[in-house]
2 protein chains.
Amino acid sequence: MSNKVKRFILPEEEIPHYWYNIQAEMPNKPLPPIHPATKQPLKPEDLFPIFAEELCRQELNQTDPWIEIPEEVREMYKYYRSTPLVRAYGLEQALGTPAHIYFKNESVSPMGSHKLNSAIPQAYYCKKEGVTNVTTETGAGQWGAALSYAARLFGLEAAVYQVKISYEQKPYRRSIMQTYGAQVTPSPSMSTRAGKNILTKDPFHQGSLGTAISEAIELATTTPNCKYTLGSVLSHVSLHQTVIGLEAEKQMKMAGEYPDVVIACFGGGSNFSGIAFPFMRHTINEGKKTRFIAAEPNSCPKLTRGKFEYDFGDEAGYTPLLPMYTLGHNFRPANIHAGGLRYHGAGVIISQLLKDGFMKAVDIPQLETFEAGTLFARAEGIIPAPESSHAIAATIREALKCKETGEEKVILFNLSGHGLIDMAAYDQYIAGNLQNYSISDEELAASMKDADALNQ
Amino acid sequence: MSNKVKRFILPEEEIPHYWYNIQAEMPNKPLPPIHPATKQPLKPEDLFPIFAEELCRQELNQTDPWIEIPEEVREMYKYYRSTPLVRAYGLEQALGTPAHIYFKNESVSPMGSHKLNSAIPQAYYCKKEGVTNVTTETGAGQWGAALSYAARLFGLEAAVYQVKISYEQKPYRRSIMQTYGAQVTPSPSMSTRAGKNILTKDPFHQGSLGTAISEAIELATTTPNCKYTLGSVLSHVSLHQTVIGLEAEKQMKMAGEYPDVVIACFGGGSNFSGIAFPFMRHTINEGKKTRFIAAEPNSCPKLTRGKFEYDFGDEAGYTPLLPMYTLGHNFRPANIHAGGLRYHGAGVIISQLLKDGFMKAVDIPQLETFEAGTLFARAEGIIPAPESSHAIAATIREALKCKETGEEKVILFNLSGHGLIDMAAYDQYIAGNLQNYSISDEELAASMKDADALNQ
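The rules behind the values
Counting from 1, residues in each chain are numbered in the order their sequence is written. Each chain takes a letter, starting from A, and each ligand takes a number, starting from 1, following the order in which they are written. Note on the predicted model: pLDDT of at least 70 is required for a residue's local features to be given, and 80 or more for side-chain atom pairs to be given and counted; whole-chain, interface and lining totals, by contrast, use all residues. Here the side-chain values reflect all heavy atoms present in the structure, with hydrogen atoms and water set aside. A run of H or I in DSSP counts as a helix once it spans at least four residues, and a run of E counts as a strand once it spans at least two, with each numbered from the N terminus. Using a 1.4 Å probe on the protein chains alone, a residue whose accessible area is under 20% of its type maximum counts as buried, one over 50% counts as exposed, and one in between counts as partly exposed. The criterion used for residue contact is that any of the two residues' heavy atoms lie within 4.5 Å. In short, Shrake-Rupley with a 1.4 Å probe defines the accessible areas, and a residue's cover is counted only from the protein chains shown. What counts as buried area is the accessible surface, traced by a 1.4 Å probe, that two parts surrender upon association, with contributions from both included. For salt bridges, the criterion is a side-chain nitrogen of Lys or Arg within 4 Å of an Asp or Glu carboxyl oxygen. We call two N or O atoms a polar contact when they sit within 3.5 Å, provided that within protein one can donate a hydrogen and the other can accept it, with sequence-adjacent residues counted only if both atoms are side-chain atoms. When the copies are superposed, the least-squares fit takes in the C-alpha atoms of residues with a pLDDT of at least 70 in both. Strands are treated as partners if at least two bridges between them are detected by DSSP. Call a crossover right-handed when, viewed with both strands pointing away from you, the route from the first strand across the helix to the second goes clockwise. Axis lines are fitted to C-alpha atoms, over the contacting stretch for helices. Their N-to-C directions set the angle, which ranges from 0 to 180 degrees. Oblique is the label for any angle not covered by the other classes, which are roughly parallel (under 35 degrees), roughly antiparallel (over 145) and roughly perpendicular (65 to 115). In this scheme, a crossing is called left-handed if the near helix is turned counterclockwise away from the far one by less than a right angle; it is called right-handed if the turn is clockwise. Here the nonpolar group is Ala, Val, Leu, Ile, Met, Phe, Trp, Tyr, Cys and Pro; Asp, Glu, Lys and Arg are the charged ones; every other residue, Gly included, is treated as polar. An automatic or database domain assignment supplies the start and end points of every domain. Two rings from Phe, Tyr or Trp (for Trp, the six-membered ring) form a pair when their centres are within 6.5 Å of each other. A pair whose planes differ by under 30 degrees is stacked, one over 60 is edge-to-face, and the rest are tilted. Each ring is checked for a lysine NZ or an arginine CZ that lies within 6 Å of its centre and within 35 degrees of its normal; such an atom marks a charge sitting over the ring.

**Q** Which parts of the structure should I look at to understand the overall build of chain A?
**A** Assigned secondary structure in chain A consists of 19 helices and 15 strands. Among the 456 residues that make up chain A, the fraction classed as buried is 68%. Partitioning the contacts of chain A with sequence separation of at least 6, the portion at a separation of at least 24 is 77%. When the accessible surface of chain A is summed, it comes to about 14500 Å², and 50% of that surface belongs to carbon and sulfur atoms.

In structure tokens:
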């Protein structure tokens, strides 16, 4: 932080009235999700038993580039939006880079992450359609906390399946969800058929987003008046998150710049889509030269080393078959602290965009992310979530390249959340007790077997 | 949260250029602090060995009502200020009160509390005067985290003594300070003479802000080029914190209202002074009828049950003698989770204002604070710090009175910090494992003995 510190905040009336639906403008539309039983392309009504109906329509909408944000949702956005766009002078100085680094600070929402941007509309549509109970999965707990609070806002009961390893690593996220009044169960659990099957095969299964999704879907489909909600991966979640990039676009204009590079961490794609898609529309429509970089853990490398195939979104195979980059739906991610990035697949929009060269991906080892996160904390004061530290690490790589070449590039990254609930991980890092994980091609091939079989 | 949600944020140019020094306008000035050896009123230079010189001058300035905020400090304020003023529609609705409840949300600073408002100028003045090392005490760790970061900003080394019970109850605040690069030692420790003396008398001493202050002062006065900094109690800290109330005053104007009641929690007085003094000047100068309420723990009741006497600010007796409401400098507060409120004294300005009837105090049992905090979290989404929950509990009491009388009073309280590092406390509350503490008059009289002797 130097004496040129500036942050950009939009006046309330500038908070977006529409979400941006990139599906409508992609040169190659995503391939259709497929019903696993009929093998037919999915229609919105196929999803009605699982999700609120309006969300199903948004999911498969490939025609309308702009979807109006309901007034009730927009009023609640105002409670914490716009989030600040910050020029990271402190980080620039610490790196000695000529690059101009900006970050969109989504960590200032009451939940500490961007997840509320989609939790609010999902709870809203559920309530509007007469739902009384919602259920979901959560990894690190950012999504679960957001959904728990959004449910409370609309008077819905919430049940959250939290990935077991995160439940144990980050007990306070559970406490947060409970403070909001949600029921929290570590997954895999004995409370669903899917969980029982997984535990029967492996009693020590540490859980993954894939197992938690299976359990939550099962609960939703077997409980009256209950719908499932998802915090990432799906196209309607990406849609809601575009509020991030739409604001950032206006804020970059306030700063008098346009990004050469846009960076976000990547788990299921929600925060990456949110910051990237509104800028990417100018690449699609006007040929603007911007590089979009998704930063994923090198221990969960679906974008950099996964296969583009039809695969299930969950461990048990309850979801439709999604055409996407995947590591196989029974891939078991290493126990990294970035719990929100421990997911095997990438979602259909991102996968198509990656295939078509609109974006690229980098993979980052755990220790590099913590080194980056600590440097950022000391330079900018905000302790980042381990997930967000992947974006910071990728940003630092780009900024150091600028230092070599002398280029004054404008880099924008999304600070998706703060790490105040992840201090145990920082403790381990400071004590030298964290490690990197590597995966061999053989391991990846093995975890792809079931997915490969689906594509025969 | 309803669909009328509104928050008020100031344009950057409206962030105050001056702090408000209430000492200059009080009808009865605070009595002078006294040098314990000479028994003479303190002069600024008596404090030079301990604090940066400019801070010593601010401490005893009873003439200038407005002190200019240095440009370098103001630039850093811009990084997180103005903090939002929020109309708490959600809480109003949950209580069914006709009162209009507003809160100033200081929890959005990167440190999660108001403490950075004074940490930045303190580190700034130290740096300007050639200091290389700073030291301080911290209870819950909010102040220690802020000072650690502010020190880092100005390239100073920081050493923090953290109250032992908080060090153990809230290990992640220690991790936060360490992430910023500070040295953290639980107090009482064996690293100072003061600490050794305390531990020799009682090897199981749990620490208090009084013990940690003694150790930090000792380190500062025995280390070359090292100054002590304090997070509360002193008049210059209150001065810096007035940026809160000065912003709130403008923001209340944006909302078209003026508070009938202003409420903050009370430990050493920093956040209370910050929100209250700018409004109190209209009471002093124009006779505005506003009630000011300090909310303290009923287990540490210096304002409601303490004595107005000269007393030390620390356990070992290293500070000047301060004329203030006190429970005795060796009072041992119960192990409540609101670590930032576990302090025996009230500071000289507040004590005079309380004596003169400009404000009143209420004392609140621990369980009521957690009940209030949980209600607030569910209504407004923000999990409050246990300290701030005292202000919320006092606000709820006032709002429920309005419900009885039907009065549409305007209540403003300061949300001094969030409770994301205090989830262990919420866990215990949810599990029914928290308790109240009561203190008998006999216990209070016993803890006053040493202070009484000083006043003979």
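**Q** Even after reading the chapter, I still don't get the interface of chain A and chain B, so can you show me in this structure?
**A** Note on interface size: it is often stated as the accessible area lost on association of the parts. Facing the 44 residues of chain A at the interface are 44 residues of chain B. Taking both partners together, chain A and chain B bury about 4300 Å²; carbon and sulfur atoms supply 60% of that area. The tally of links from chain A across to chain B stands at 4 salt bridges. One can count 23 residue pairs in polar contact (both at pLDDT 80 or more) joining chain A with chain B. Of all the secondary-structure elements, those providing two or more residues to the side of chain A that touches chain B are α3 (71–77), α6 (142–153), α8 (171–179), α15 (366–380) and α17 (423–430) of chain A. Element by element, the count of residues in the side of chain A that touches chain B is highest for α8(A), at 6 residues.

**Q** Could you clarify how one ought to interpret the relation of the copies chain A and chain B in this entry?
**A** Two chain copies, one operation linking them: a rotation about an axis together with a shift along it. Once chain A has been moved 0.0 Å along the axis and rotated by 180°, it coincides with chain B to within an RMSD of 0.0 Å. Viewed as a symmetry operation, the transformation between the two copies matches a two-fold axis. A share of 100% of the interface residues of chain A reappears at the interface of chain B, consistent with the copies meeting face to face through the same patch.

**Q** Mind showing me how you'd approach α17(A) here?
**A** Each α-helix winds once per 3.6 residues, and so residues spaced three or four apart point in a common direction. The complete set of buried residues in α17(A) reads A:M423, A:A424, A:A425, A:Y426 and A:D427. The inward-facing, buried residues of α17(A) abut α7 (164–169), α15 and α16 (386–405) of chain A together with α8 (171–179) of chain B. A positive backbone phi angle near 75° is found at A:G432, which sits one or two residues after α17(A).

**Q** Explain the sheet that holds strand β4 (residues 85–87) of chain B to me, please; I cannot follow it from the model alone.
**A** Strand pairing in a sheet relies on backbone hydrogen bonds. The paired strands run either parallel or antiparallel. Residue and element names in this part refer to chain B. With mixed pairing, 7 strands are arranged side by side in an open sheet as β1-β4-β5-β15-β10-β11-β14. The open sheet terminates on both sides in strands that have one partner only, identified here as β1 (7–8) and β14 (360–364). Summarising the sheet, β4 and strand β5 (residues 100–105) pair through 3 bridges and their orientation is antiparallel. The residue of β5 that forms the bridge with V86 is F103.

**Q** Would you take a moment to explain the pairing of strand β6 (residues 133–138) of chain A for this structure?
**A** Within a regular beta strand, the side chains point alternately toward one face of the sheet and then the other, so they alternate between its two faces. Residues and elements named next belong to chain A. Extensive coverage of β6 is indicated by the burial of 5 of its 6 residues. With 6 bridges connecting them, β6 and strand β7 (residues 157–163) associate as parallel partners. By the bridge assignment for β7, E137 is matched with Y161. Where the polypeptide runs from β6 across α6 and back to β7, its parallel neighbour, the crossover connection is right-handed. Here 3 bridges tie β6 to strand β9 (residues 226–228), and the two strands are oriented parallel to one another. Residue pairing for β9: V134 is matched across the bridge by K227.

**Q** Which parts of the structure should I look at to understand the packing of helix α5 (residues 116–128) of chain A against helix α11 (residues 235–255) of chain A?
**A** Geometrically, a packed helix pair is captured by the angle between its two axes and the distance between the axes. All names here are of chain A. One way to put it is that α5 packs onto α11 with a least axis distance of 8 Å and a crossing angle of 125°. Relative to α11, the element α5 lies oblique. Remark: the crossing between α5 and α11 carries right-handed chirality. For the pair α5 and α11, contact is made by N117, S118, P121, Q122 and Y125 and by H236, V237, H240, Q241, V243 and I244, respectively. Residues belonging to the contact of α5 with α11 are distributed by class as follows: 5 nonpolar, 6 polar and no charged.

**Q** Got a minute to help me understand the sheet that holds strand β9 (residues 226–228) of chain B in this structure?
**A** Residue and element names in this part refer to chain B. If you walk across this open sheet you meet the 4 strands as β8-β7-β6-β9, and the pairing is parallel. Because the sheet does not close on itself, it has two edges, and the strands there are β8 (183–187) and β9. Here the strands of the sheet are splayed against their neighbours by 20° on average, with no regard to which way each runs. Across the sheet, helix α6 (residues 142–153) lies against β6 (133–138) and β7 (157–163), angled at about 165° from β6, the strand it touches most.

**Q** Sorry, what's going on with the domain arrangement of chain A here?
**A** Residue and element names in this part refer to chain A. For chain A, the assigned domains read domain 1 (69–112 + 236–454) and domain 2 (113–234). Measuring from the centre of the C-alpha atoms in domain 1 to the corresponding centre in domain 2 gives 22 Å. In this complex, domain 1 contributes 51 residues to the contact, which on the side of domain 2 involves 48 residues. Note on domain 1 versus domain 2: buried area summed over both sides is about 3900 Å², and carbon and sulfur give 59% of it. Among the residues of domain 1 in contact with domain 2, M111, Y318 and I421 are the three that bury the most area, contributing 19% of the side total. Put simply, domain 1 and domain 2 have 3 salt bridges between them. The interface formed by domain 1 and domain 2 holds 30 residue pairs in polar contact (both at pLDDT 80 or more) in total. Elements with a minimum of two residues in the side of domain 1 that touches domain 2: α3, α11, α12 (270–286) and α16. Per-element accounting of the side of domain 1 that touches domain 2 gives the leading share, 7 residues, to α11.

**Q** Any chance you could explain the packing of aromatic side chains here in plain terms?
**A** Each pair of aromatic rings is reported with the distance of its centres and the angle of its planes. Counted under the stated rule, the structure contains 29 aromatic pairs over all chains. Taking the centre distance of 5.1 Å and the plane angle of 50° together, the rings of B:Y20 and B:W66 count as tilted. Highlighted residues: B:Y20 in strand β2 (residues 18–20) and B:W66 in strand β3 (residues 66–68), separated in sequence by 46 residues. Under the relative-accessibility criterion, B:Y20 is labelled buried at 1%. A network of ring pairs unites the aromatic residues A:F103, A:F376 and A:F413 as a single cluster. The ring centre of B:Y20 lies 5.7 Å from the NZ or CZ of B:R281, which sits over that ring. Above the face of the B:F308 ring, B:K355 is positioned so that its terminal group lies 4.9 Å from the ring centre.

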